[in-house]
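Structural overview for review
The primary structure of each chain is shown beneath.
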Amino acid sequence: TSNLNVRTGAGTKYARKGYKQLSANARQQNRKLGGEYSGYRKGVVCTVTKVNGSWGYTKSGWICLDYCKKI
């Protein structure tokens, strides 16, 4: 996938966050990768600080780890 939704909770039942709700770092990386998107564009690097099943918590919110690559 080329874009990854950031959510308010760990699961698809939670709302997606908008561009302005992302961390400053995520917004900056998104702009470098092609513009303002209300989630993470492919190539954004983030740190997961908490895991709940297949969901990881970042500064911007929850992301599905099934679509992420660990580096």
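A short tour of the structure in this document, coming up. (Residues numbered from 1 in each chain as written. Predicted model: local features only at pLDDT ≥ 70, side-chain atom pairs only at ≥ 80, totals over all residues. Heavy atoms only, no water.)

1. Concerning the nonpolar core
Counting 8 residues, the largest nonpolar core is built from Leu 4, Val 6, Tyr 19, Leu 22, Ala 26, Tyr 40, Val 44 and Ile 63. Beyond its immediate stretch of four places on either side in the chain, Leu 22 contacts Val 6, Arg 27, Asn 30, Tyr 37, Gly 39 and Ser 60. (Core = buried A, V, L, I, M, F, W, Y, C linked by side-chain atoms within 4.5 Å. Buried < 20%, exposed > 50% of the residue type's maximum accessible area, 1.4 Å probe, protein only. Contact = heavy atoms within 4.5 Å.)

2. Quick notes on the environment of Gly 18
Inspection of the secondary structure assignment puts Gly 18 in the loop between strand 1 (3–5) and helix 1 (24–32). The exposure class assigned to Gly 18 is partly exposed, which follows from its relative accessible area of 24%. (Helix = DSSP H or I, 4+ residues; strand = E, 2+ residues; numbered from the N terminus.)

3. Focus on the environment of Lys 42
Along the polypeptide, Lys 42 turns up in the loop between strand 2 (39–41) and strand 3 (50–52). Taking the C-alpha atoms as reference points, Lys 42 and Tyr 57, 15 residues apart in sequence, are found 17 Å from one another.

Taken by themselves, the reported measurements are silent on function.
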